[in-house]
Amino acid sequence: MSYLVKPMSYVLVIALGYLLKCAGFFGRDDHRLISKIMINITLPCAVVQAFDGFEREGTLFLIVGVGFLCAFLPMMVMYLATLGIDTRTRVYRMLNIGGYNIGCFSLPLVQAFFGSTGVVAACMFDTGNAVMMTGGSYAMTSTLLGTGGETRESGKDILMKFLKSAPFDTYMVMIALAAANVAIPQVIFELTRPAGQANAFIAMLMIGMMFEPAGDPALLRETARELLWRYAFAAVFALLIYFFTPFDLEVRKTLAVICFAPLSSLAPIYTDRCHGDAALASFTNSASIAVSLVLMMILSMVFVL
């Protein structure tokens, strides 16, 4: 059961962030400073670390596309499904329906059940997922819903939203180098390792600082509705990947499990930036961790039996 230790440690860090806020150690808006540190420092370094030891293999790049589609399609469906309701709710539903927390949460479990093959597949999936999670989801939501106050945005405006995201820029550079088979000096990995290793702690602490218990039955219903949509998509994607993709069986098993990973730790940040309900997004994020842990454990055990 050692593979449960790391995911459970993240739950404890979320609880720590919330308790410190309740005790007055953190102010109400201190999470915004933590989010700036995460987005501009620790997450880009964690992205660089994800490519340490990467070996180019043509078929694996197909998994990048799968990861992108699994993060992108639910957001587009939710955009169409929420036409006619208030913008604040649409922001929450679009930004908390797709995308996955893989690097900070899922890898220990994947490694325990599926070994190095599973880890490589999960990292490639996460690369495609990250295109949306590190800037794409924010750019798409703010553009489609006009949350920045713009009446009409040019192509340049939309492109700048992507390019102003440090994690997105880092991912694009690292993917381009990997595709070109360019060797990255080991000193780069050494320099970024301390900040990269701190990213998971920073992300979970921030979620705890943003967390507010949803005592209102209406908010609980909203969270339940969002998670039902999310895990319905997860089930569909898992079935399609397992039965209809050309990857090896072990890779297909891994990707099917990854489809049930919890929400990205960036979702509450981007919900806040787009003027959605950040507290509700943080509560939904925390709830998704508990649900995903159970579902991923069950599915993994079914696959290895």
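Preceding this paragraph is the structure being described.
Right, let's walk through the structure included here. (Residues numbered from 1 in each chain as written. Predicted model: local features only at pLDDT ≥ 70, side-chain atom pairs only at ≥ 80, totals over all residues. Heavy atoms only, no water.)

1. Some points on the overall build of the protein chain
When its secondary structure is counted, the protein chain shows 12 helices and zero strands. Ordered by position in the sequence, the α and β elements of the protein chain form the string α-α-α-α-α-α-α-α-α-α-α-α. A total of 305 residues make up the protein chain; the buried ones form 52% of that total. A separation threshold of at least 6 residues defines the contact pool for the protein chain, and within that pool the share at least 24 residues apart is 84%. Carbon and sulfur atoms form 67% of the exposed surface of the protein chain, whose accessible area is close to 13,700 Å². (Helix = DSSP H or I, 4+ residues; strand = E, 2+ residues; numbered from the N terminus. Buried < 20%, exposed > 50% of the residue type's maximum accessible area, 1.4 Å probe, protein only. Contact = heavy atoms within 4.5 Å. Areas by Shrake-Rupley, 256 points an atom, 1.4 Å probe, with all protein chains shown as cover.)

2. Quick word on the state of the cysteines
Summed over all chains, the structure comprises zero disulfides. Considering cysteine sulfurs only, Cys259 is the nearest to Cys70, which forms no disulfide, with 4.6 Å between them. (Disulfide = S-S within 2.5 Å.)

3. So, the pattern of salt bridges
Taken as a whole and assessed by the stated rule, the structure comprises five salt bridges. The salt bridge involving Asp277 is made with Arg88; its shortest N-O contact spans 3.7 Å. Taken together, the residues Asp277 in the loop between α11 (267-273) and α12 (278-304) and Arg88 in helix α4 (residues 87-95) connect sequence positions 189 residues apart. For Arg93, the salt bridge goes to Glu222, with nearest N and O atoms at 2.8 Å. Note that Arg93 is positioned in helix α4 and Glu222 in helix α9 (residues 217-244), a separation of 129 residues in sequence. (Salt bridge = Lys/Arg side-chain N within 4 Å of Asp/Glu carboxyl O.)

4. Here's the deal with the packing of helix α3 (residues 60-81) against α9
Between α3 and α9, whose axes approach to 11 Å, the crossing angle comes to 140 degrees. Judged by the inter-axis angle, α3 sits oblique to α9. Between α3 and α9 lies a crossing whose hand is right-handed. Only Glu226, Trp229, Phe233, Phe237 and Ile241 of α9 make contact with α3, whose side of the interface consists of Val66, Leu69, Cys70, Leu73, Pro74, Val77, Met78 and Ala81. In the contact of α3 with α9, the residues fall into 12 nonpolar, no polar and one charged. (Axes fitted to C-alpha atoms, helices over the stretch in contact; angles between N-to-C directions. Parallel < 35°, antiparallel > 145°, perpendicular 65-115°, else oblique. Left-handed = near helix turned anticlockwise from the far one by under 90°. Nonpolar A, V, L, I, M, F, W, Y, C, P; charged D, E, K, R; others polar.)

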